[in-house]
Amino acid sequence: MAVIPVALAGRSYEVRIGSGLLADVASECAPFLRKQRVPIVTDRNVEAKWRAVVEASLIAAGKEPCWLVHEPGEGAKSWDGLARTVEWLLAEEVERGDHVLALGGGVIGDLTGFACAVLKRGCGFVQLPTTLLAQVDSSVGGKTAINTPAGKNLVGSFHQPSLVLADLDALATLPTREMRAGYAEVLKYGVLGDAAFFDWCAANAPALLSGDKSAQEEAVARSVAAKARIVAEDERETTGVRALLNLGHTFGHALEAETGFSDRLLHGEAVALGMVLAARYSARRELISSDDAERVAQQVAAAELPANLPALGLTCNGQRLADHMLHDKKMDAGTLPFVLLKGIGQAFLAKDVELADVAQFLDDQLA
Ligand code: NAD
Ligand code: GLY
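This structure is a prediction, so every number in the text was calculated from the model and none was measured.

## Section: the side chain of Ser282
Phase 1 of the analysis: In this fold, Ser282 is placed in helix α10 (residues 267–284).
Phase 2 of the analysis: A polar side-chain atom of Ser282 sits 2.7 Å from the main-chain carbonyl oxygen of Ala278.
Phase 3 of the analysis: At a separation of 2.9 Å, a polar atom in the side chain of Ser282 contacts the main-chain amide nitrogen of Leu341.
Phase 4 of the analysis: Leaving out residues up to four positions away in the same chain, Ser282 has contacts with Leu287, Ile288, Leu340 and Leu341.

Pasting the structure below:
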């Protein structure tokens with residue numbers, strides 16, 4: 001098992017990564033389970049695969065698990081989903097000193113984390129991430145949110161978990177497409193800050209994606225360590241350091257908006273293509289070589305993730321995609337900071353990007 005500390009003054013916690021963590025959840029979480037009843041939030045897909053395992057561990061430890069099960073998908077990350085979760089936690093008489101278990105992907109983690117942030121002005125929670133994306137990204141760092149009709153993740157808070165248990169066994173039941181989408185966020189850590197890890201990904205992606213536990217443990221541990229370093233330096237995304245984690249997200253967000261935030265393009269798939277576009281746009285500005293930009297594209301394509309805009313079959317032009325960017329929540333006093341590359345492993349925040357130039361670039365990419 002790998003253990004990665006997230007060091008934050010007064011709110012430090014561990015991310016434990018390995019096999020069998022869900023089967024042993026009662027003892028892993030023992031310091032946080034002070035009452036007999038243990039509230040757990042999950043979704044129906046995860047419930048089908050993992051409820052029995054989690055329940056067996058808790059019951060053997062003399063606990064009484066109680067479950068709130070949401071429908072799978074982004075729909076749960078809504079005002080209705082939040083109200084349902086908070087009302088249920090109130091009915092369960094959860095107190096500020098209690099902990100709630102969030103068992104699922106980024107949707108359940110974000111929703112449960114936000115519900116716990118506002119319940120009685122803040123109760124504890126433990127992240128039990130079951131997707132690769134949630135293990136390497138959303139369960140770590142304390143960003144919690146719901147979506148509203150105005151956009152994704154527009155209502156939320158920073159609320160750190162007390163513990164994260166990333167059980168690699170959970171990845172065995174994850175659909176292949178979700179696994180590949182999560183891998184985009186792994187590759188992102190290499191592209192943004194660690195050229196050696198990028199090379200490691202190039203060599204080990206096939207093993208990781210086909211279920212090799214040792215490759216998975218190394219990928220998750222190195223990704224979490226990278227995120228933990230960044231979050232410890234800039235927890236609230238105020239200095240520009242944490243903003244580097246948004247590599248690929250500005251282009252990706254526009255693509256998700258154009259495809260209706262639907263299953264047509266998963267978040268990780270949008271980030272993968274967004275990362276390629278950020279690399280190619282960096283090459284257009286002569287910040288990196290075209291060869292380096294194409295190395296990023298090759299690794300994305302090798303993982304069977306989208307690496308070219310025409311493959312999405314969009315009917316819009318570049319200006320329309322750039323217009324979506326105007327609604328990005330990273331807009332800051334009329335400018336949109338872009339994460340660009342000076343090299344593989346050398347991301348930086350550019351504040352001088354003209355959206356008209358981006359629109360022209362996207363037209364070229366769409367052609
Ligand atoms: P998700 O939670 O919707 O999970 C993807 C699908 O896999 C769902 O259908 C789910 O039911 C299913 N699933 C989950 N675990 C499974 C398992 N082990 N076996 C079988 N099926 C399983 O999606 P996600 O990709 O994990 O997360 C996406 C969400 O995360 C988005 O809402 C995004 O905004 C958010 N996010 C948050 C952060 C953050 O820092 N808080 C970072 C990145 C993404
Ligand atoms: N997923 C980006 C962040 O946590 O800041």
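## Examining empty space enclosed by the protein
Phase 1 of the analysis: Taken as a whole and assessed by the stated rule, the structure comprises one cavity of 30 Å³ or more.
Phase 2 of the analysis: Looking at the largest cavity, its volume works out to about 40 Å³.
Phase 3 of the analysis: Every residue lining the largest cavity is listed: Asn246, Leu247, Gly248, His249, Thr250, Phe251, Ala278, Phe338 and Val339.
Phase 4 of the analysis: Those elements that place two or more of their residues in the lining of the largest cavity are α9 (249–258) and β10 (338–343).
Phase 5 of the analysis: In terms of residue count, the dominant contributor to the lining of the largest cavity is α9 (three residues).

## Things to note about the pairing of strand β8 (residues 151–158)
Phase 1 of the analysis: As judged from the five bridges shared by strand β7 (residues 143–148) and β8, these two strands associate in the antiparallel manner. The partner of Thr148 across the bridge, within β8, is Gly151.
Phase 2 of the analysis: Between β7 and β8, which follow one another and run antiparallel, lie two residues.

## Structural notes on the site of ligand 1
Phase 1 of the analysis: Taken together, 25 residues are adjacent to ligand 1, and Asp43, Glu74, Thr130, Thr131 and Thr173 come closest.
Phase 2 of the analysis: Asp43 is positioned with one of its side-chain polar atoms (N or O) 2.7 Å from an oxygen atom of ligand 1.
Phase 3 of the analysis: Note that a nitrogen atom of ligand 1 is positioned 2.7 Å from one of the side-chain N or O atoms of Thr130.
Phase 4 of the analysis: If ligand 1 stood free it would expose 860 Å²; the protein chains cover 89% of that surface.
Phase 5 of the analysis: Among the secondary structure elements, those contributing two or more residues to the shell around ligand 1 are α2 (44–60), α4 (106–118), α5 (132–138) and β8.
Phase 6 of the analysis: Across the shell around ligand 1, the residue classes tally to eight nonpolar, eight polar and nine charged.

## Some details on unusual backbone geometry
Phase 1 of the analysis: Its identity as a non-glycine residue notwithstanding, Lys120 has a phi of 50 degrees, on the positive side.
Phase 2 of the analysis: With respect to the element layout, Lys120 can be found in the loop between α4 and β6 (124–129).
Phase 3 of the analysis: Located in the positive-phi region is Phe261, a residue other than glycine, with phi close to 45 degrees.
Phase 4 of the analysis: Assignment of secondary structure puts Phe261 in the loop between α9 and α10.
Phase 5 of the analysis: With a relative accessible area of 33%, Phe261 lands in the partly exposed category.

## Describing the side chain of Gln299
Phase 1 of the analysis: By the element assignment, Gln299 lies in helix α11 (residues 290–302).
Phase 2 of the analysis: For Gln299, a relative accessible area of 16% gives the class buried.

## Quick look at the pattern of salt bridges
Phase 1 of the analysis: Taken as a whole, this structure holds 30 salt bridges when the rule is applied.
Phase 2 of the analysis: For Arg37, the salt bridge identified is with Glu92, shortest N-O distance 2.9 Å. In this pair, Arg37 sits in strand β3 (residues 37–43) while Glu92 sits in the loop between α3 (79–91) and β5 (99–104), placing the two residues 55 residues apart along the sequence.
Phase 3 of the analysis: A relative accessible area of 38% places Arg37 in the partly exposed class.
Phase 4 of the analysis: Take Glu92: its relative accessible area is 21%, and that puts it in the partly exposed class.
Phase 5 of the analysis: Through salt bridges that share partners, Arg34, Lys35, Glu95 and Asp98 make up one connected network.

Rules used in this analysis
Residues numbered from 1 in each chain as written. Chains lettered and ligands numbered in written order. Predicted model: local features only at pLDDT ≥ 70, side-chain atom pairs only at ≥ 80, totals over all residues. Heavy atoms only, no water. Helix = DSSP H or I, 4+ residues; strand = E, 2+ residues; numbered from the N terminus. Polar contact = N/O pair within 3.5 Å; in protein donor to acceptor, adjacent residues only side chain to side chain. Contact = heavy atoms within 4.5 Å. 1 Å grid on protein atoms, 1.4 Å probe; cavity = no way out; pocket = protein on both sides within 12 Å on 5 of 7 lines; lining within 4 Å. Points joined across faces, edges and corners; volume = space filled by probe spheres on them. Pairing = 2+ DSSP bridges. Near = heavy atom within 4 Å. Areas by Shrake-Rupley, 256 points an atom, 1.4 Å probe, with all protein chains shown as cover. Nonpolar A, V, L, I, M, F, W, Y, C, P; charged D, E, K, R; others polar. Buried < 20%, exposed > 50% of the residue type's maximum accessible area, 1.4 Å probe, protein only. Salt bridge = Lys/Arg side-chain N within 4 Å of Asp/Glu carboxyl O.

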